[in-house]
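The primary structure of each chain is shown beneath.
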Amino acid sequence: PRLAHWRPGRDRAPMSAPPSLPPPPPPHGATPRSAAPDDLLDLPEYSYTTLLNAMRLRHMRYEPYTWIGPVLVSVNPCADLGSFSAATMRRYMGQKPSEAPHPFAIVDRALQRGGPAAVLVTGESGAGKTEAVKAMLSFLIARQGARSGRVCDSLVGSTQALEAFGNARTLQNSNSSRFGKLAEVSLDAQTGQVESAIVVPYMLEASRVTHRARGELNFHICYALGDALEAAAAAAPHGDAGQTNFWGRPTLFAAWRGLAVHAASAGLRCSPYLVAAGGSPAAELSGAEAAGGKARLDEIVGSMRAVGLQDDEVLACMQLVLAVLLFGNITPAAVQAHGGCQVGEIAGGRAGDAASAEAALHAAAQLLAVPEKELSAFLGTKTTDAPGRGGTCIVQPRTSREALTLRDSIARELYAALFTWLVQRVAAAAAPKARAQEATQQERGHCKIAMLDIYGFEVCQTNGLEQLLINYCNERLQAFFNAQLFAKEARDYEVEGLPQELFATMCQTRDLPALPLLEGGCDGQWRTPGLFALVDDEARCRFNDGNETALRSRMDASLAGCVAYKPCKDVSSFAVAHFAGDVAYDSKAFVEANANAARPEILAFLTAASTSPFLRAVLQTRLEGSQAEAPATRQRPQALHERPGPGSGSGRRRRQLFGRTVIQAFRAELDTLIRTFETEGTQCHYVRCLKPNAALLPAQFDDGAMLRQCRY
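What you see is a predicted model, and the numbers here were worked out from it, not measured in a lab.

Cut-offs used in this document
- Residues numbered from 1 in each chain as written.
- Predicted model: local features only at pLDDT ≥ 70, side-chain atom pairs only at ≥ 80, totals over all residues.
- Heavy atoms only, no water.
- Helix = DSSP H or I, 4+ residues; strand = E, 2+ residues; numbered from the N terminus.
- Buried < 20%, exposed > 50% of the residue type's maximum accessible area, 1.4 Å probe, protein only.
- Contact = heavy atoms within 4.5 Å.
- Pairing = 2+ DSSP bridges.
- Axes fitted to C-alpha atoms, helices over the stretch in contact; angles between N-to-C directions.
- Core = buried A, V, L, I, M, F, W, Y, C linked by side-chain atoms within 4.5 Å.
- Salt bridge = Lys/Arg side-chain N within 4 Å of Asp/Glu carboxyl O.
- pLDDT = per-residue confidence, 0-100.
- Phe/Tyr/Trp six-rings, centres within 6.5 Å; stacked < 30°, edge-to-face > 60°.
- Expected span 1.5 Å × (residues − 1).
- Bend = angle between axes of the 7 residues up to and from the residue.
- Parallel < 35°, antiparallel > 145°, perpendicular 65-115°, else oblique.
- Nonpolar A, V, L, I, M, F, W, Y, C, P; charged D, E, K, R; others polar.

Visitor: Any chance you could break down the overall build of the protein chain for me, citing the residues and the numbers?
Guide: For the protein chain, the count of helices and strands is 25 helices and 16 strands. Looking at the protein chain as a whole, 54% of its 712 residues are labelled buried. The long-range share in the protein chain, meaning contacts at least 24 apart out of those at least 6 apart in sequence, stands at 74%.

Visitor: So what's going on with the sheet that holds strand E15 (residues 581–586)? Residues and values would help.
Guide: Strands sit in the order E13-E14-E15 across an open sheet of three strands; the sheet is antiparallel. Two strands close off the open sheet at either side, each with one partner strand: strand E13 (565–567) and E15. Strand-to-strand twist across the sheet, computed as the mean angle between neighbouring axes with direction ignored, equals 25 degrees. Pairing between E13 and strand E14 (residues 573–578): three bridges, direction antiparallel. By the bridge assignment, Pro567 is partnered in E14 with Phe574. Contacting E14 and E15, helix H17 (residues 465–495) runs over the sheet at an angle of about 150 degrees to E15.

Visitor: Before we move on, can you summarise the sheet that holds strand E3 (residues 117–123) with the specific residues and values?
Guide: Consider a sheet: its strands pair through backbone hydrogen bonds, and that pairing is either parallel or antiparallel. An order of E1-E2-E16-E3-E10-E6-E7 is seen for the seven strands of this open sheet, with the pairing classed as mixed. In this open sheet, the two strands that pair with only one neighbour each are strand E1 (65–68) and strand E7 (194–202). Averaged over neighbouring strand pairs, the angle between their axes works out to 20 degrees when direction is ignored. In this structure, E3 lies alongside strand E10 (residues 448–453), joined through five bridges in parallel fashion. Opposite Leu120, over in E10, you have Leu452 as the bridge partner. Along the sheet, helix H4 (residues 129–144) makes contact with E3, strand E6 (180–187), E7, E10 and strand E16 (683–690), crossing E10 at roughly 160 degrees. Docked against the sheet, helix H5 (residues 149–157) engages E6 and E7, running at close to 30 degrees with respect to E7.

Visitor: Just give me the short version of the nonpolar core, but keep the residues and values in it.
Guide: Note that soluble globular proteins tend to have their nonpolar side chains buried in a common cluster. In this structure, Phe165, Ile221, Met304, Phe327 and Leu414 are the most contacted members of the largest nonpolar core, which totals 122 residues. The leading source of residues in this core is helix H14 (residues 400–430), at 15 residues. Residues contacting Phe327, with those up to four places away along its chain left out, are Tyr273, Ala364, Leu368, Leu375, Arg407, Ile410, Ala411 and Leu414. In terms of nonpolar packing, the next biggest core, distinct from the first, is built from 57 residues, Leu512, Leu515, Leu534 and Leu670 among them.

Visitor: Kindly report on the pattern of salt bridges, identifying the contributing residues and their values.
Guide: Scanning the model with the defined rule gives 26 salt bridges in all. Where Glu131 meets Lys134, a salt bridge forms, and the shortest distance between an N and an O atom there is 3.3 Å. Taken as a pair, Glu131 and Lys134 lie in helix H4 at a separation of three residues, close to a single helical turn. Take Glu131 and Lys134: they sit in the same class, and that class is buried. Residue Asp582 pairs with Lys566 through a salt bridge whose shortest N-O separation is 2.5 Å. Pair noted here: Asp582 is in strand E15 and Lys566 is in strand E13, with a separation of 16 residues, a long-range link. Judged by its relative accessible area of 47%, Asp582 falls in the partly exposed class. In this structure, a network of salt bridges that share partners links the residues Arg178, Glu205, Arg208, Glu216 and Glu458.

Visitor: Explain the confidence of the model for the protein chain to me, and be specific about the residues and the numbers.
Guide: Mean pLDDT over the protein chain: 78, with 76% of residues reaching 70 or higher. Taken as a whole, residues 343–352 scores under 50 in pLDDT and shows 21 contacts with residues more than four places along the chain or in a different chain. Every residue in residues 641–658 is under pLDDT 50, and counting partners more than four places away or in other chains gives 31 contacts.

Visitor: Before we move on, could you go through the environment of Asp536 and cite the residues and values that matter?
Guide: Looking at where Asp536 falls in the secondary structure, it is placed in helix H19 (residues 531–541). A sequence separation of 58 residues divides Asp536 from Asn594, and the C-alpha atoms of the two residues are 7.2 Å apart. When sequence neighbours within four positions are dropped, the list of residues in contact with Asp536 reads Asn594, Thr661, Ile663 and Gln664.

Visitor: Mind laying out the pairing of E10, listing which residues take part and the relevant values?
Guide: Residues in a regular strand point their side chains to alternate faces of the sheet. Of all six residues that make up E10, six are buried, and the element is covered over most of its length. Residues Lys448, Ala450 and Leu452 of E10 are buried on one face, and the alternating residues Ile449, Met451 and Asp453, pointing to the opposite face, are buried as well. Pairing geometry for E6 and E10, over six bridges, is antiparallel. The residue of E10 that forms the bridge with Ser186 is Lys448.

Visitor: Tell me what's going on with the packing of aromatic side chains, and back it up with residues and numbers.
Guide: In total, this model carries 14 aromatic pairs according to the counting rule given. When the ring of Phe457 is compared with that of Phe579, the centres are 5.6 Å apart and the planes differ by 70 degrees; the resulting orientation is edge-to-face. Pair noted here: Phe457 is in the loop between E10 and H17 and Phe579 is in the loop between E14 and E15, with a separation of 122 residues, a long-range link. Phe579 carries the same exposure label as Phe457, and that label is buried.

Visitor: Outline the environment of Leu404, supporting the account with residue identities and numerical values.
Guide: Structurally, Leu404 is set in helix H14. Look at Leu404 and you get buried, because its relative accessible area is 11%. Each C-alpha atom of the pair Leu404 and Gly328 lies 9.0 Å from the other, and the pair is 76 residues apart in sequence.

Visitor: I'd love a proper account of H17, names of residues and values included.
Guide: Note: α-helices contain 3.6 residues per turn, so residues at a spacing of three or four share the same orientation. If you check H17, its first and last C-alpha atoms are 44 Å apart, about what 31 residues at 1.5 Å a residue would give, namely 45 Å. Considering bend angle alone, the principal kink of H17 is centred on Ala483 and spans about 30 degrees. Of the residues flanking the end of H17, it is Gly497, one or two places downstream, whose phi is positive at about 85 degrees.

Visitor: Which residues make up the side chain of Asn474, and what values go with them?
Guide: Residue position: Asn474 is located in helix H17. With relative accessibility at 7%, the residue Asn474 sits in the buried group. The contact partners of Asn474, leaving out residues within four places of it in the chain, are Tyr455, Gly456, Phe457 and Phe579.

Visitor: Break down the packing of H14 against helix H22 (residues 601–609) for me, citing the residues and quoting the values.
Guide: Interaxial distance between H14 and H22 falls to 10 Å at its minimum, and their mutual angle equals 70 degrees. It follows from the interaxial angle that H14 and H22 lie roughly perpendicular. Facing Leu406, Ser409, Ile410, Glu413 and Leu414 of H14, the residues of H22 in contact are Ile602, Leu603 and Leu606. Tallied by class, residues from the contact of H14 with H22 come to six nonpolar, one polar and one charged.

Visitor: How would you sum up unusual backbone geometry? Please name residues and give values.
Guide: A negative phi angle is the norm for most residues apart from glycine, just as the trans form is the norm for most peptide bonds. The phi dihedral of Ala369 falls on the positive side, at around 60 degrees, and the residue is not glycine. Among the secondary structure elements, Ala369 is positioned in the loop between helix H12 (354–368) and helix H13 (372–380). According to the relative accessible area criterion, Ala369 is buried, its value standing at 7%. Even without being a glycine, Ala699 presents a positive backbone phi close to 55 degrees. By the element assignment, Ala699 lies in the loop between E16 and helix H25 (703–711).

Visitor: With reference to specific residues and values, describe the side chain of Glu184.
Guide: Note on placement: Glu184 falls in strand E6. Since its relative accessible area comes to 18%, Glu184 is described here as buried. If we skip the residues at most four places from it in the chain, Glu184 touches Ser196, Ala197, Ile198, Lys448, Ile449 and Ala450.

Visitor: Explain helix H7 (residues 220–235) to me, and be specific about the residues and the numbers.
Guide: Here H7 spans 23 Å end to end across 16 residues, near enough to the 22 Å set by a 1.5 Å rise per residue. Most of H7 is tucked away: 13 of the 16 residues are buried.

Here you go:
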């Protein structure tokens, strides 16, 4: 399916007022300005009724931003209001900037107070968080100026590429961020100019590559690439193969044409990785539609080049994405044809005919520069050490289920590694130069501003481990928000000598009941090991044993005393009482999803078997985590289609760093983030984004949905 609703860089809340917007409705009766002030703390009476009424009035007047004390509330207008125009930027610059509520005002406040600052943007999926962060970054660069255009190009120009590889269509949002991003911008201590930036990614929802909820789609790049390759295959008989100005070198044009041939012969359009759950394969594309897909890819390519990627590197990225998508067409029967795998309980997965499956296996091996026999053997057989036989190994065929599980794991690992590599290139392009970094490190420590764009709290039709971690992240951020605002307010009341009973509940706002349930610790009179510890234990001790209810049984026994734990009737389901409401989770795939990061044999095989320096470099970034090489010392790797010369193969396996589970890795990153805000004296500013209605329609205000979001 094509994503006609999405273009790289297209805003969820566009930037210039569309003529189709209805005019603001006339006021009914007497509606003084005091009924909907710029700061809701100025309401004559403060209650949920007056709060909702004020936000409704402002929303219908197309005034999406409101102060609640130091917090900026942003209600997604779901339309183009011109809120981020150049004229609006100018109103928040100069000697007397506007104090009207706006994301630009938050940036101005953070800069005026001096010292390290952070802007935390939170809210549900579809509330407009990503657009707010992009606008604030653009305003920061425009207000302060940049010492080098390199930083501006990297922060602003990379947006389209990161959205293409990290955003997807969900039931809540057609351009939902499926990863978190912290952009830390360093300012020169003397001039105030933007000097450099560090981009830190957080957990990509890699499971989306192979499995999605009903009605949801894969990452945007998958469809943009598929459309462009479809156009190239259709144009091949006429001699241009979809050539654009981007593929300027003849060798790259030939490689691009080769990708189109692979996609057509291996049945890319039928890949289950491209099909929405419960949907049908990609529809036929007309010539105009294919041209549109090619144009979308050209925009993504332009964004990738803005961060310093060379043409052959960009093409290698597309080649790797194609290989990932073609893995979906590989069946156990195709693997068995090469001497491995038992075709038993699963006849062959979901893919099409045998010829397409064979072609997909052949194409994937070529695209990864891995011998086809070795790839087939890895998918179809498993090797174990024979006890007491002096290092003798036993080779056994995998079952169909095991082969399909391994196939999907390879696809996820490849895509996650590519995304990590791309984000590191963005970070390297905006990072400070090595020779100036050490000399000014201390000064920049007091002149920096960080902006956090993190996935919002979400509830899907089926909630797995990814949703639990996303909601846990929001739980931690909510606890941090409570501690920073309400606990600080309580301390001020205590200093003023007010009776303690008036503010005692404020001191308890950080103690959210879901946190001890998930992390472990004391929950009232009950001491629990924590849900995460139980999942980690199962991942290490009982992985792939086929028992889908063992985890739920242990949870019932260990977590029954926690107030936030609620067992469900289904044998594998349970609910958690989050700060935003109860969410039911299905634990069937928890153990497998958590153990994916603890299976080093996938990256070890690909690193050893592939002859592509580019692929090995991409895999190395996955092995090394978030520690990118300095741009001054990193040598650009060859593209996948560039074969190394004799003797250039790496004969040794890379060091494996997958001792941690997915949960442990995610918690470590989140702990580092929260600790940074807590211990470095960072002044935090908050933007709470709200979604006015589930359909994201302009001039529509759902009282129930808004009240639910206001309660937390």
